[in-house]
Amino acid sequence: MNVLLVDDEDYVLDFLEEQIPWASLGDITVYKASSAEEALKIAGQAELQMVVTDIRMPETSGLELLAALRQDYPDIKVVLLSGYSEFEYARKALQHGAADYLLKPVTEEEVVACLQKVIALIDEEKRHSDNLSAASDMLKLGISRMREHLLLDLLLGKKYGTDELQRHLHALQLQLEPDEECALALIRIETGTEEATREDFELFSYGLLNIAEEIFSGKISEVPSLWSCKDSYRFVIILLPVRLFGEPNRLHLLMTELQQAVQHYLKRPVSMMITRAFPYRHELHRQYLQALNAFGRFIGTRSGVVRLMDEDEAEEELKPLVQLHQSPTIQQLMETGRWEEVTRKLELILDELNNPSYQSQQHLMEAVYYLFSSFSYIAHKQGDSFADLVDHPSLQPESYFFKSIHSIRDWALTLIEQFKRSLQEATPNRNHIIRQIHEYIALHLHEDVSLTRVSEHVYLHPVYLSRLYKKETGESLSTYISRVRMEKAAELLMTTNKKVSDIAKEVGYQKTQYFIHIFKENYQLTPQSYRNR
């Protein structure tokens, strides 16, 4: 906290600076001024919270200084000192907004008590200001979220009456009439070969919308003027009133400008599908579905495309994929264990998808769902579930998340490698795997021998390993580990003089009491009783 002392008499300033225990009042920096003019100069340079000033000063009085501070720095608290006890001075000081008033000569105790009261007032006002600021931030965030939810509801077909929609628009500070003509922009932020997390997508979306605000409204305000949301397909969607752009050609120019700005500032290409103008309350759902379809057909996996949707535009004829269904198929190759040919077949399919005639969302969806169906068939034929055979976070892929040939390749190759290893180890190699597991457990019995650790050692998914072990041995892996530990502990108790606590650690139990409890459950005796029997 910064405090300024103002008095034309040096001895008063020295008394206040030297005799008042400032350190006991908090982290305070003290400034001094011998005139009102000097005080105003310091106020313009230092961020003051309090001024203690004499009333009677030459040229400019303390009351005039108070008035000037109240005008330019209304948050500064002012305490006035005067050698006159007339009520008129106190009345004027309070009228001008003084925080307190002291009569000279003042004692140290009086000054400290006054300062403590004013500091408490400053702290209380700061807490109040912080609470208001936090509440304002929460309100803005809530408005932003509710705007998104309302737009998503409308996109997905929820119906609102005119009066009800008008109330929502007014409450959410949207300057839009229910029957106003608008255009819809679907924007896809391209990530190329880079892995983009949801946090990345949110960050890029935030930057894109800020740039759009500046292009369409000329400024970035605390409450955005553009109405936008993000859908489940990771499109950024903006509803644009016709009054913001006028003619369709101007809208195309503005969106191209947005695309170029995003490329320049965010280093990311974007693709856009823009509808013609329509009365949004009645047409928004239909226009959204048509825009999604048009995006998939006319932009597909291409990058950096800005396209104005024309409902009268002749649709290009879709050609069927050849390599995907041509024999031998991926499914047939996996069934016969021809893994090198599986990989080559995948590359032929992806090469075909990369052809301009097949760069549509529909072709991409066909390929992804066909591959997923083939993988599921092979898993079920083996007697396993798809989830048990693979280690992949997306078991039911959302085709719109596959925006490039590269993303399909990475996904499919990962699954092919998982299936190859799982199926090759499914028959004669199983006994070898069980031996590997037993050897690993025997060598690492004193460590944290968990299912995850064992699965990492034999390069199998934990769930698949658990099912495989139970199927081959008739007991669960955790039961086997516990049994081996107890058998080893019993052997050490009978053949060595080691302490029970040392034996517990040697067989993987860090807490001796827990070891004793488990041992007694297995042998109906404590370790010491077992040794002494």
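Values in this document were obtained by computation on a predicted structure and should not be read as measured data. (Residues numbered from 1 in each chain as written. Predicted model: local features only at pLDDT ≥ 70, side-chain atom pairs only at ≥ 80, totals over all residues. Heavy atoms only, no water.)

(A) View of the packing of aromatic side chains. The final tally for this structure, using the stated rule, is 10 aromatic pairs. Residues Trp227 and Tyr280 carry aromatic rings whose centres are separated by 6.2 Å and whose planes lie at 85° to one another, so their mutual orientation is edge-to-face. With Trp227 in strand 7 (residues 227-230) and Tyr280 in helix 10 (residues 280-299), the pair connects residues that are 53 residues apart, well separated along the chain. Per residue, the accessibility class of Trp227 equals that of Tyr280, and both read buried. A centroid spacing of 5.9 Å and a plane angle of 50° characterise the contact between Tyr509 and Tyr514, whose relative ring orientation is tilted. Judged by its relative accessible area of 9%, Tyr509 falls in the buried class. The class of Tyr514 is partly exposed, set by a relative accessible area of 48%. Three or more aromatic residues joined by ring pairs make a cluster, and in this case those are Tyr509, Tyr514, Phe515, Phe519, Tyr523 and Tyr530. (Phe/Tyr/Trp six-rings, centres within 6.5 Å; stacked < 30°, edge-to-face > 60°. Helix = DSSP H or I, 4+ residues; strand = E, 2+ residues; numbered from the N terminus. Buried < 20%, exposed > 50% of the residue type's maximum accessible area, 1.4 Å probe, protein only.)

(B) Quick look at unusual backbone geometry. A positive phi angle, near 70°, is found at Glu59, a position not held by glycine. Tracing the backbone shows Glu59 in the loop between strand 3 (50-54) and helix 4 (62-72). The backbone of Lys267 sits at a positive phi, close to 60°, despite the residue not being glycine. Assignment of secondary structure puts Lys267 in the loop between helix 9 (248-266) and strand 9 (270-274). Classification of Lys267 by relative accessible area gives exposed; the value is 54%.

(C) Highlighting the pattern of salt bridges. Per the counting criterion, the structure on display carries 16 salt bridges. A salt bridge links Glu202 to Lys230; the nearest nitrogen and oxygen atoms lie 3.6 Å apart. Of this pair, Glu202 sits in helix 8 (residues 198-217) while Lys230 sits in strand 7; the two residues are 28 residues apart in sequence, bridging distant segments of the chain. Among the salt bridges present, the one from Glu475 reaches Arg483, with a minimum N-O distance of 2.7 Å. Overall, Glu475 belongs to the buried group, its relative accessible area being 18%. In this structure Arg483 comes out as partly exposed when scored by relative accessible area, which is 34%. The network of salt bridges with common partners includes Asp14, Glu17 and Lys32. (Salt bridge = Lys/Arg side-chain N within 4 Å of Asp/Glu carboxyl O.)

All we've got here are geometric facts, nothing functional implied.
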